[in-house]
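The lines below spell out each chain.
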Amino acid sequence: MQWASASSRLDLPAAAAEDVARQLHAVLGEAPPDLLLAFVSGPGPARTSATVETLKALVPATTFGAVSARGVVTGEHEIEQGVGLSVVAARLPGVDVKPFLLMQDAWAEPVDSAEAFDLRAPGARGAELVVLLGDPFSLDLDRVLMLFNRWAPGVRVVGGMASASPRPGGNTIVLNDWMAHEGGFALALHGAIRADVVVSQGCEPLGPPLDVTHLEDNLILTLDGQPAIERIEQVLRSVPEADRHRLQQGLYIGRPARGDASGRGDYLIRNLLGADRERGAIAIGDIVTLREKIRLHVRDARAAIDDL
């Protein structure tokens, strides 16, 4: 098994693709790899399609996937603004890569049997790992993951959402010869491969778990029986002076990923959207449940490095 990553910040799409192809060939040789995933950052969907066209011609992988993004991560850097191309490719002897599309129409219908799930996600059940990439405006990922949990329990799913555009129709998703501005795709990996999954969210828990005692939709009205804002302010006042600079990175809410959540990596991080001081409520980017024990978090670069 061989893996290679490559990146380029060249402005012209064709030049960036040629630059990346040279880097991949230097590691993997000239023969087509079994898998290639490309992440393209830059203005407009035309950049993604032009990059993909050249890259597919130069590195015709057996399974080729690409997605447009606002920023990309390379082997050495995070490119948060401007143009960027980041690619990972692999030779996978003994590994069966089973790609399939994710279209909202199919996943919106009832999926009430394993057979119905297999029609939508062929190869997902029993996979060592599933890599999933999609468009956030046209794919109900919560429902997709819920159905994975029901019909493919224990299968690990990793991936992310296209982020190049802030509005519907602006992202580009590519799987082999299919290119669209909606939906998504997944890759189920079977055979001679073993994968570890690391949750590295770059956040550190702050203060004690807080019991959700009153809520409306995504508004949390009370925590530990007190107005949510007041309880959070109590926690923040208890932060030692030496650690208060960390609050400048922003405050986030952690939902427990499992019942015994206690430390870093045990929580799903959600944005704190705002506060209503008149009602004492906070709004978060998710729907929590009554008596759920959430926890405040702060961004922490060292935590991300330690996790990895």
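A quick note: this is a predicted structure, and the numbers were derived from the prediction, not measured.

To continue, consider the packing of aromatic side chains. For the structure on display, the rule yields three aromatic pairs. With 6.1 Å between their ring centres and 15° between their planes, Trp-107 and Phe-148 make a pair best called stacked. Here Phe-148 lies in helix H5 (residues 141-151) and Trp-107 lies in helix H3 (residues 104-108), a separation of 41 residues in the sequence. Residues Phe-117 and Phe-148 carry aromatic rings whose centres are separated by 5.2 Å and whose planes lie at 85° to one another, so their mutual orientation is edge-to-face. Of the two residues, Phe-117 is situated in helix H4 (residues 114-120) and Phe-148 in helix H5; the sequence distance between them amounts to 31 residues. An identical accessibility class is assigned to Phe-117 and Phe-148; each is buried.

Moving on, we come to H5. Residues of H5 that are buried include every one of Val-144, Leu-147, Phe-148 and Trp-151, and no others. All buried residues of H5 lie within an arc of 105° about the axis, which places them on one face of the element. Turned more than 90 degrees from where H5 packs its buried face, Asp-142, Asn-149 and Arg-150 sit exposed. Looking at the buried residues of H5, the elements they touch are strand E7 (95-102), H3, H4, strand E8 (129-134) and strand E9 (157-161).

Contact geometry of helix H1 (residues 13-28) with helix H2 (residues 45-58) gives a least axis separation of 8 Å together with a crossing angle of 35°. Crossing handedness for the pair H1 and H2: right-handed. Contact residues: H1 offers Pro-13, Ala-14, Ala-16, Ala-17, Glu-18, Val-20, Ala-21 and His-25, while H2 offers Arg-47, Ala-50, Thr-51, Thr-54, Leu-55 and Leu-58. Broken down by class, the residue content of the contact of H1 with H2 amounts to nine nonpolar, three polar and two charged.

This paragraph deals with the pattern of salt bridges. Considering all chains together, one arrives at 15 salt bridges under this definition. In this structure, Arg-156 engages Glu-128 in a salt bridge whose closest nitrogen and oxygen atoms are separated by 3.0 Å. With Arg-156 in the loop between H5 and E9 and Glu-128 in the loop between H4 and E8, the pair connects residues that are 28 residues apart, well separated along the chain. Notably, a salt bridge pairs Arg-279 with Glu-216, separated by 3.1 Å at the nearest N-O pair. Here the residue Arg-279 occupies a position in the loop between strand E17 (267-276) and strand E18 (281-284), and Glu-216 occupies one in strand E13 (residues 203-216), the gap between them amounting to 63 residues. Here the salt bridges share partners, and the residues they tie into one network are Arg-255, Arg-270, Asp-286 and Glu-292.

The next subject is unusual backbone geometry. Here Asp-217, not a glycine, exhibits a phi torsion of approximately 55°, which is positive. Here Asp-217 is to be found in the loop between E13 and strand E14 (219-223).

To continue, consider H1. The periodicity of an α-helix, 3.6 residues per turn, causes residues three or four places apart in sequence to face the same way. Taking 1.5 Å per residue as the helical rise, H1 with its 16 residues ought to reach 22 Å, and the 22 Å between its terminal C-alpha atoms agrees with that figure. Where H1 is buried, its residues touch strand E1 (2-8), strand E2 (35-41), H2 and strand E6 (84-91). Once H1 finishes, Gly-29 follows within two positions and takes phi at roughly 85°, a positive value.

Moving on, we come to the sheet that holds E7. The strand order across the open sheet built from four strands is E7-E12-E8-E9, with neighbouring strands paired in mixed fashion. Of all the strands in the sheet, just E7 and E9 have a single pairing partner and so form its edges. Pairs of neighbouring strands in the sheet enclose a mean axial angle of 15°, with direction left out of account.

In a beta sheet, neighbouring strands are held together by backbone hydrogen bonds and run either parallel or antiparallel to one another. With mixed pairing, six strands are arranged side by side in an open sheet as E1-E6-E2-E3-E10-E11. Looking along the sheet, the strands with just one partner apiece sit at the ends: E1 and strand E11 (178-180). Across the sheet, the mean angle separating the axes of adjacent strands is 10° when strand polarity is ignored. Across seven bridges, E2 lies against strand E3 (residues 63-69) in parallel orientation. Paired with Leu-35 across the two strands is Thr-63, which belongs to E3. The sheet strands contacting H1 are E1, E2 and E6, and the helix crosses E1 at an angle near 155°. Across the face of the sheet, H2 comes into contact with E2, E3, E6, strand E10 (173-175) and E11 while running at roughly 150° to E2.

Thresholds applied
Residues numbered from 1 in each chain as written. Predicted model: local features only at pLDDT ≥ 70, side-chain atom pairs only at ≥ 80, totals over all residues. Heavy atoms only, no water. Phe/Tyr/Trp six-rings, centres within 6.5 Å; stacked < 30°, edge-to-face > 60°. Helix = DSSP H or I, 4+ residues; strand = E, 2+ residues; numbered from the N terminus. Buried < 20%, exposed > 50% of the residue type's maximum accessible area, 1.4 Å probe, protein only. Arc of directions from axis to C-beta. Contact = heavy atoms within 4.5 Å. Axes fitted to C-alpha atoms, helices over the stretch in contact; angles between N-to-C directions. Left-handed = near helix turned anticlockwise from the far one by under 90°. Nonpolar A, V, L, I, M, F, W, Y, C, P; charged D, E, K, R; others polar. Salt bridge = Lys/Arg side-chain N within 4 Å of Asp/Glu carboxyl O. Expected span 1.5 Å × (residues − 1). Pairing = 2+ DSSP bridges.

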